[in-house]
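The chain contents come next:
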Amino acid sequence: MKKLILILCLFFSVNTPIFADENQELNYKDEYRKATIQNDAEAQFHVGYMYEKGIEVEQSYTKAAQWYEKAVKQNNENASVYLGSLYLNGLGVTQNLDKAKKLIEKGALNGNSSGEFYMGLFYDLIAQKPRAKGIESNLKNDAINQNYIMARKWYEKALKHGEPAAAGNLGVLYEAGRGVKQDDVKARKYYEQAVKGNAIVSNNNLANFYYLGKGGLKQDYVKGRKLDEKAAKKGYVESQFKLGWLYFNGNGVKQDYRQAKKWFELAAEQNHGESQYYLGLIYQQGLGREKDINTAKHYFKLSCQNTGDEDACQLQ
């Protein structure tokens, strides 16, 4: 059996940028009428957004892309950024990083906070590693090379223009010392700012600081758990796993294998290999329930496939 050590890693706040009108109630019939009869670009963007998120219509990335295209032709910056994000992830369109970059950059250069956020992501996570330039290499290459200093600058612009998810990513840069001097206190303050702005992934990062007593905080499992609970209930898989682990091991809570199983199952449904491993242990050893060797082997097999972990692979 693995030694029970909670590994608190860095998880980048790659939240979808928060649409400026997200709290606005959108009516599909009204937006569709304006988008078609009036050829209104903002309404076309709204219709695309509703298809992307499945608001009052069946979710369809393909239709979202088509409506975003209409709005982009009328120079709608939000549509340009959101269409770029679809090309970035290959949703409803064939993945194309060059197209994604051009569409997102168009909005970013005009001060669109979502575009600025995605430009930070390009430099931070998506860009290719810098390569030595030869005589023939990169002559006509406008791809972005990874550059944490540029990532920080774009995140700062996005945050200034109201994008809370950018605060979470700035926190990660300061925690890891990427493109900046390592500073846990600054990282913690950025995470706190992101959490206030409902950037869910940052709940996980700030929870880690409470578990470890980092960044000027006193160790506090209760506060950390509450942050992870908020993210876990929103479906964030790493927080679901951590809650399972806390209950499994009795860290900051009364040991409760039933609660552990509940959270591990939610994470396992998202193919989280570590959670699948611990579910295997629960069924194998009959922790909080009757033993079930077949189910245990099922979860060990899934964990082995997803993580390649030796313990899981030997137990499947």
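Note that the coordinates shown come from a computational prediction; the quantities given were computed from them, not determined experimentally.

About the cut-offs
- Residues numbered from 1 in each chain as written.
- Predicted model: local features only at pLDDT ≥ 70, side-chain atom pairs only at ≥ 80, totals over all residues.
- Heavy atoms only, no water.
- Helix = DSSP H or I, 4+ residues; strand = E, 2+ residues; numbered from the N terminus.
- Buried < 20%, exposed > 50% of the residue type's maximum accessible area, 1.4 Å probe, protein only.
- Disulfide = S-S within 2.5 Å.
- Expected span 1.5 Å × (residues − 1).
- Arc of directions from axis to C-beta.
- Contact = heavy atoms within 4.5 Å.
- Polar contact = N/O pair within 3.5 Å; in protein donor to acceptor, adjacent residues only side chain to side chain.
- Axes fitted to C-alpha atoms, helices over the stretch in contact; angles between N-to-C directions.
- Parallel < 35°, antiparallel > 145°, perpendicular 65-115°, else oblique.
- Left-handed = near helix turned anticlockwise from the far one by under 90°.
- Nonpolar A, V, L, I, M, F, W, Y, C, P; charged D, E, K, R; others polar.
- Phe/Tyr/Trp six-rings, centres within 6.5 Å; stacked < 30°, edge-to-face > 60°.
- Lys NZ or Arg CZ within 6 Å of the ring centre and 35° of its normal.
- pLDDT = per-residue confidence, 0-100.

This next bit is on unusual backbone geometry. With phi around 65°, Asn-75 is a residue other than glycine that occupies positive phi space. Among the secondary structure elements, Asn-75 is positioned in the loop between helix H3 (61-72) and helix H4 (77-89). For Asn-75, a relative accessible area of 55% gives the class exposed. For Asn-198, which is not a glycine, the phi torsion comes out positive at approximately 65°.

This next bit is on the state of the cysteines. For the structure shown, the criterion picks out 1 disulfide. Two residues, Cys-304 and Cys-313, share a disulfide whose sulfurs are 2.0 Å apart. Taking the sign of the S-S torsion, about 95° here, the bridge from Cys-304 to Cys-313 comes out right-handed. Assessed through its relative accessible area of 15%, Cys-304 is described here as buried. Since its relative accessible area comes to 25%, Cys-313 is described here as partly exposed.

Its 15 residues give helix H15 (residues 293-307) an end-to-end C-alpha distance of 21 Å, which sits within 8% of 21 Å, the value for a rise of 1.5 Å per residue. Among all positions of H15, only Ala-296, Tyr-299, Phe-300, Ser-303 and Cys-304 are buried. Down the axis of H15, the buried side of the element spans an arc of 145°, and every buried residue falls inside it. In H15, the exposed positions angled more than 90 degrees off the buried face are occupied by Asn-294 and Gln-305. Tucked inside the fold, the buried residues of H15 contact helix H13 (257-268), helix H14 (273-285) and helix H16 (310-315).

Taking 1.5 Å of rise per residue, 12 residues should cover 16 Å, and H13 covers 15 Å from first to last C-alpha, within 8% of that figure. Residues of H13 that are buried include every one of Ala-260, Lys-261, Trp-263, Phe-264, Ala-267 and Ala-268, and no others. Contacts made by the buried residues of H13 are with helix H11 (221-233), helix H12 (237-249), H14 and H15. The opening residue of H13 is Asp-256, an N-cap whose side-chain oxygen sits 3.1 Å from the backbone nitrogen of Arg-258.

Turning our attention to the side chain of Asn-78. Inspection of the secondary structure puts Asn-78 in helix H4. Looking at Asn-78, the relative accessible area reads 19%, which means it is buried.

Moving on, we get to the environment of Gln-128. Locating Gln-128 in the fold gives a position in the loop between helix H6 (113-126) and helix H7 (148-160). With a relative accessible area of 27%, Gln-128 lands in the partly exposed category. Spatially, the C-alpha atoms of Gln-128 and Gln-146 are 5.8 Å apart, while their sequence positions differ by 18 residues.

What follows is about the environment of Val-237. Looking at where Val-237 falls in the secondary structure, it is placed in helix H12. Along the sequence, Val-237 and Val-201 sit 36 residues apart, while their C-alpha atoms lie 9.6 Å from each other. Leaving out residues up to four positions away in the same chain, Val-237 has contacts with Ala-267, Gln-270 and His-272.

Attention now goes to the packing of helix H10 (residues 201-212) against H11. Where H10 contacts H11, the two axes come as close as 8 Å, and the packing angle between them is 165°. By the angle class used here, H10 and H11 are roughly antiparallel. Where H10 crosses over H11, the two elements pack in a sense that is left-handed. Across the interface between the two elements, Asn-203, Asn-204, Leu-206, Ala-207, Tyr-210 and Tyr-211 from H10 touch Tyr-221, Lys-223, Gly-224, Arg-225, Leu-227, Asp-228, Lys-230 and Ala-231 from H11. Of the residues belonging to the contact of H10 with H11, the class tally is 7 nonpolar, 3 polar and 4 charged.

Here the focus is the packing of aromatic side chains. Summed over all chains, the structure comprises 22 aromatic pairs. An aromatic cluster is built from Phe-241, Phe-248, Tyr-257, Phe-264, Tyr-277, Tyr-278 and Phe-300, whose rings are joined through pairwise contacts. Stacked on the ring of Trp-154, the Lys or Arg Lys-157 has its end atom at 4.6 Å from the ring centre.

On average, residues of the chain score 89 in pLDDT, and 87% of them are at 70 or above. A low-confidence stretch, residues 1-13 stays under pLDDT 50, and its non-local contacts, those more than four residues away or across chains, total 44 contacts. With pLDDT under 50 throughout, residues 135-140 is counted as low confidence; its partners more than four residues away or in other chains account for 3 contacts.

Another aspect to go through is the packing of helix H9 (residues 184-196) against H10. Across the interface, H9 lies against H10 with an axial gap of 9 Å and an inter-helix angle of 140°. Of the possible angle classes, the one that applies to H9 and H10 is oblique. The way H9 lies across H10 gives a crossing that is left-handed. Of H10, the residues touching H9 (which contributes Asp-184, Ala-187, Arg-188, Tyr-191, Glu-192, Ala-194 and Val-195) are Ser-202, Asn-203, Asn-205, Leu-206 and Phe-209. Partitioning the contact of H9 with H10 into residue classes produces 6 nonpolar, 3 polar and 3 charged.

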